[in-house]
Structure formats: C-alpha cells, structure tokens
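Observations on the three-dimensional arrangement
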There are 2 protein chains.
Amino acid sequence: MKLSVIGIGPGGGIDLTGRARAALDGCDAIIGYTVYVDLLKNDYPDKEIKTTPMRKEVDRCRMAVEEAAAGRNVAMVCSGDPGVYGMAGLCYEVAQEYAPIEIEVIPGITAACGGAAVLGAPLMHDFAVISLSDLLTPWEKIEARLKGAAAADFVLCLYNPASHKRPDYLQRACDILLAAKPAETVCGFVRSIGREGEAATVLTLGELRDAEVDMFTTVFVGNSQTKVINGKMVTPRGYLQREQ
Amino acid sequence: MKLSVIGIGPGGGIDLTGRARAALDGCDAIIGYTVYVDLLKNDYPDKEIKTTPMRKEVDRCRMAVEEAAAGRNVAMVCSGDPGVYGMAGLCYEVAQEYAPIEIEVIPGITAACGGAAVLGAPLMHDFAVISLSDLLTPWEKIEARLKGAAAADFVLCLYNPASHKRPDYLQRACDILLAAKPAETVCGFVRSIGREGEAATVLTLGELRDAEVDMFTTVFVGNSQTKVINGKMVTPRGYLQREQ
C-alpha cells in the first residue's frame, strides 16, 4: 500500500523526528540493513522486522516495494537521511517494475548536519557534499568534484572517507585539496556521530592528510574563512563582519 | 549556563527530533525569530519566550548568550538546521565576548533534506548547497560557486533564491547554469516545506529560469543523470546500473 522510506538520523533513538516516529508507529513491517534496524527494534517489539545484509541495497528495496505492492504499510529505515546517499532514489527506481505504490520519503538528520553540530558550526556557508567511495562513481569524477569545490572555496563534507579496501582515499583527496588550499585550512572529523564512542577532532588540512579515519567517520574541510573558536570548527557567515 | 541552538526542521512540530524536544523541555527560556517561535509556542505554554525581528541576528545571539552567561538554560530556535545558514556559528562568535558558557548545537532537518524528500530523491549523489542571497556574500563569489558546481556536475540546492529586493537572482543563476548544463536538466522547487501550503514543482532548467519563486522556496537543479520517475525528481546513485 505505502512505502515510507525513513531517515533515523545518525544514531537512531533520540535523533528521530516526530514524523519518522509516526510512520514507524503506523507501519506493518520494518525493513532495513541489520545494524540500523538494531538501533530501533527495542522501541518496536511488536513489529515484524526484516533485515538484509550490507551491500544488498537492490534486494532490500525490492523486498520493501514488493511488500507494499502486496498491500502492506512498510517502513524502510536508513541511517541519516534516506535522500542523501540512502535508499530513497533506489526505491523510486525499483518501484517502476511493480504495480503502482505510494512512496513517501521522511527525511532524517544526515551526517553532514549531525557531524557539523558536534564539531561546532562548519557548514554556515555554501558547502559541497562528496562521497569518496568509488564503488558506484569513477574516481576521476570524484577528483573533478574535489577540485571544483576547492577552487570555488566551498566548505566540504566528505562521506565514506575510507574503508578496508580504500585505506588511502582520504589521503588522495587531501593531496588534491592541498594543491588549491593552504595546509593550515581548518578541518575536522567525527567518528560514530550520535552513537556510543562519538569522537570529534579539529585539525589542519595538512594534519588531516595523515589522520586515521574509517567508514564510520565524516570529514569536514573548511573554506578560506573557517576558524577555530574555543576548540570548535566555525565558518563565519559574515553577520558580525557586516556590523564592523 | 547552557545555550542550546536548536533546529526545529522546516515546519516545526512533527519535524523536531527527540533531542530537540528534550532540550526544549529542559530550558528556562526560548529565544528566536518571531515566526519560528510561533511554530512552537503552543507546545510550551509555560516557558518564557523572547523574540527578535528578522535580520536582527546579532542582537538575537547576544541576547541568548547573555541569558546563558547569567546562569540560565537557554534554547535558541532556528528554522531548519542552525548549522546551515542558521545561528550556530554566530553564537560561537558572539560568545567569545562573554564569560565562558557551554554551547550545544542540536541539528534539525535543513531545507535541502526536507525539500528533497518532497520532490522525490534529487540529492542521492554529490551535491552543493548555495545561498543566492548577496546580503553577506559578494555576488561574484556566488557566481563562481555556481560555475564551479555546474562544471563538476554536482546536484545543486539553492537557498534564498529570491526576495523582494532580488526578484531576478534565480534567473541570473539559471543563466549561469545554462551556459554549462542542458536546458532539459531536471529541476524542482518546493515552497513552504513542511508548512501549510507546501507545494512542489518539477520542471526543466530552461523552465526554471522563468519560474516565480520567493524567499520561502528551495530550488534543486539536477546533475546529468537526474530524471523524472512518476512525477518525482530522482538522481540515480548507480546501484541498478551496477547490476546490469
């Protein structure tokens, strides 16, 4: 009947919006990647739960669409926001193969916003969000976007900065950025946003190049105005500067 | 004592996270721009409320910081996410002038994520967020960012696409984008996200150039892969394409 593609925010639980809670309350079944469903299932002990492993994205969306086409109200949960590197687009694509269903996307706090809040206020000015994963995107395209964003002085937020198979991707990205930006550019990263073990680091672009990050880390690279205030990463928007 | 800078999402109410609700429940006073506080005040009839008019951003942050420095728990509310063109950065800047206080930023659903969910799934791939307001940013910098983002094939999300004083800014932005992108590029805009009268339009870049938008509208410009599926704006990430 209806497929709700729901963002549970970075950590689930307290990060859910009222809209997400209402959709979960009203669903017949919850579908998602095991790790994300685990963040929620204690809150919904009576709901039917269906999980699929990592990297089975197409199977997961097909399962959700099929259940909805069979007349059920399905909640598919995604970490962060389903509309930012999540499952929302794939659900629309897959649904074309089935009888018409209603799809609604319920946004959640994406890692760019959740991580920024932990670091301070790095995204106060124009910013670009780039995934460093080349599983689905040629590295040349990622490289062109890094160069374009650095040249135009965007603040950058980098998703998927590394994985076991790509341990040096953040280093490669930093080398590209260092060709256009000073090594002193203020940067930051947050690991496990909103979850147990959340940890934030503020450092320079030169230091970021050699930092150890993993797939649970979100990285921020400041623009030319970004500074450190009391240990926080802050990009001024210009209100105070206008007054002076 | 503590200043919580809280994002209430696009429409307030049902868009608040549990974390935002908890901070509001625990505060002594709620401070914000009148329109946003009005979205909340029925939920918090017993809280002290202080509002400031539009464009008095520095005064608003000073008031919040002063209250917190005087020993109170203050909730400053912002539309969307306080970390995206909101008050988070300015609070950190202003707080430097006062006795040390604790500042926490509680993220909310920003218009990029809220509007994307209404339109479908336009932000599934790398994207850039640009404000077209030149109140605080020289137009030349905005123009350079539009050019850079178009050249690198980012999906674009445009905040503040027009105002009474800037009725033609979206048209000027579209002319810049049309120099680098086909007129058939899939675009969309959403007015009053999450509020009464919410309305979404999917159209081409050529049509967007002549569309009427206002300061309550958020605009999305697709990348080279963005398409229309059942009236929704969808940017494929490439999962299905990988399978084929």
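Residues numbered from 1 in each chain as written. Chains lettered and ligands numbered in written order. Predicted model: local features only at pLDDT ≥ 70, side-chain atom pairs only at ≥ 80, totals over all residues. Heavy atoms only, no water.

Here's the deal with the interface of chain A and chain B
Taken together, the contacts link 68 residues of chain A with 68 residues of chain B. With both chains or domains summed, chain A and chain B bury close to 6,200 Å², and 59% of this area falls on carbon and sulfur atoms. Its largest share of buried area at the contact with chain B, chain A owes to A:Leu136, A:Arg145 and A:Tyr239, together 12% of the area lost on that side. On inspection of chain A and its partner chain B, the count reaches ten salt bridges. Of the charged contacts in the structure, one is a salt bridge between A:Glu93 and B:Lys227, with a shortest N-O distance of 3.8 Å. The interface formed by chain A and chain B holds 26 residue pairs in polar contact (both at pLDDT 80 or more) in total. Per-element accounting of the side of chain A that touches chain B gives the leading share, six residues, to helix H4 (residues 88–95) of chain A. Of the residues in the side of chain A that touches chain B, the class split is 33 nonpolar, 19 polar and 16 charged. The pairing of strand S7 (residues 127–131) of chain A with strand S7 (residues 127–131) of chain B spans three bridges and is antiparallel. Pairing of A:Val129 across the sheet is with B:Phe127, part of S7(B). (Contact = heavy atoms within 4.5 Å. Buried area = accessible area lost by both parts, 1.4 Å probe. Salt bridge = Lys/Arg side-chain N within 4 Å of Asp/Glu carboxyl O. Polar contact = N/O pair within 3.5 Å; in protein donor to acceptor, adjacent residues only side chain to side chain. Helix = DSSP H or I, 4+ residues; strand = E, 2+ residues; numbered from the N terminus. Nonpolar A, V, L, I, M, F, W, Y, C, P; charged D, E, K, R; others polar. Pairing = 2+ DSSP bridges.)

Let's talk about unusual backbone geometry
The phi torsion of most residues other than glycine is negative, and most of the peptide bonds are trans. Residues and elements named next belong to chain A. Of note in this structure, Ser-192 is not a glycine but carries a positive phi near 55°. Inspection of the secondary structure assignment puts Ser-192 in the loop between strand S9 (186–191) and strand S10 (199–204). The residue Asn-230 is not glycine, and still its phi comes out positive at about 50°. The residue Asn-230 is located in the loop between strand S12 (227–229) and strand S13 (232–234) in this model. We classify Asn-230 as exposed; its relative accessible area is 76%. (Buried < 20%, exposed > 50% of the residue type's maximum accessible area, 1.4 Å probe, protein only.)

With respect to the relation of the copies chain A and chain B
One chain copy maps onto the other through a rotation about an axis and a shift parallel to that axis. With an RMSD of 0.0 Å, chain A superimposes on chain B once it is rotated by 180° and translated 0.0 Å along the axis. What the superposition gives is, in effect, a two-fold axis relating one chain to the other. In this assembly, 100% of the residues forming the interface of chain A have copies in chain B that are likewise at the interface, indicating an isologous arrangement. (Least-squares fit on C-alpha atoms with pLDDT ≥ 70 in both.)

A short note on the packing of aromatic side chains
Going through the model one piece at a time under the given rule, you end up with six aromatic pairs over all chains. Both rings, one in B:Tyr33 and one in B:Tyr36, keep their centres 5.0 Å apart while their planes meet at 90°; by these two values the pair is edge-to-face. Assessed through its relative accessible area of 21%, B:Tyr36 is described here as partly exposed. It is B:Arg145 that lies over the ring of A:Phe154; its NZ or CZ is 5.7 Å from the centre. (Phe/Tyr/Trp six-rings, centres within 6.5 Å; stacked < 30°, edge-to-face > 60°. Lys NZ or Arg CZ within 6 Å of the ring centre and 35° of its normal.)

Let's talk about the confidence of the model for chain A
Looking at chain A as a whole, the pLDDT averages 94, with 99% of positions reaching at least 70. Across the whole predicted complex the pTM is 0.97, and at the interface the ipTM reaches 0.97. (pLDDT = per-residue confidence, 0-100.)

Let's talk about the environment of B:Arg166
Residues and elements named next belong to chain B. Summarising the element assignment, Arg-166 is placed in the loop between strand S8 (155–159) and helix H7 (169–178). Among the residues examined, Arg-166 registers a relative accessible area of 8% and is labelled buried. With 117 residues separating them in the primary sequence, Arg-166 and Ile-49 have C-alpha atoms 32 Å apart. The residues contacting Arg-166, other than those within four sequence positions of it, are Leu-132, Ser-133, Asp-134, Asn-160 and Pro-161.

Concerning the environment of A:Gly71
With respect to the element layout, A:Gly71 can be found in the loop between helix H3 (57–69) and strand S4 (73–78). Along the primary structure A:Gly71 and A:Met1 are separated by 70 residues, whereas in three dimensions their C-alpha atoms are 4.3 Å apart.

Observations regarding the nonpolar core
Core analysis: the largest hydrophobic core is formed by 54 residues, its most contacted members being A:Leu146, A:Leu208, B:Leu146 and B:Leu208. The contacts of A:Leu208, once residues within four sequence positions are left out, are A:Leu170, A:Cys174, A:Cys187, A:Phe189, A:Leu203, A:Val219 and A:Val221. (Core = buried A, V, L, I, M, F, W, Y, C linked by side-chain atoms within 4.5 Å.)

Describing the sheet that holds S7(A)
Spatially, S10(A)-S9(A)-S11(A)-S8(A)-S7(A)-S7(B)-S8(B)-S11(B)-S9(B)-S10(B) is the arrangement adopted by the ten strands of the open sheet, whose pairing is mixed. In this open sheet, the two strands that pair with only one neighbour each are S10 of chain A together with strand S10 (199–204) of chain B. Going from strand to strand, the sheet's axes swing by 15° on average, the running direction of each strand aside. When S7(A) meets strand S8 (residues 155–159) of chain A, the two strands line up parallel, connected through five bridges. Across the sheet, residue A:Val129 finds its bridge partner in S8(A), namely A:Cys157. Seen against the sheet, helix H6 (residues 139–151) of chain A touches S7 and S8 of chain A and runs at an angle of roughly 160° to S7(A). (Axes fitted to C-alpha atoms, helices over the stretch in contact; angles between N-to-C directions.)

A word on the packing of helix H3 (residues 57–69) of chain B against helix H4 (residues 88–95) of chain B
All names here are of chain B. The geometry of H3 relative to H4 is characterised by a closest axis approach of 9 Å and an angle of 60° between their N-to-C directions. When the axes of H3 and H4 are compared, the pair comes out oblique. Note on packing geometry: the crossing formed by H3 with H4 is right-handed. Across from Glu-57, Val-58, Cys-61, Arg-62 and Val-65 in H3, the residues of H4 making contact are Leu-90, Cys-91, Val-94 and Ala-95. Tallied by class, the residues present in the contact of H3 with H4 amount to seven nonpolar, no polar and two charged. (Parallel < 35°, antiparallel > 145°, perpendicular 65-115°, else oblique. Left-handed = near helix turned anticlockwise from the far one by under 90°.)

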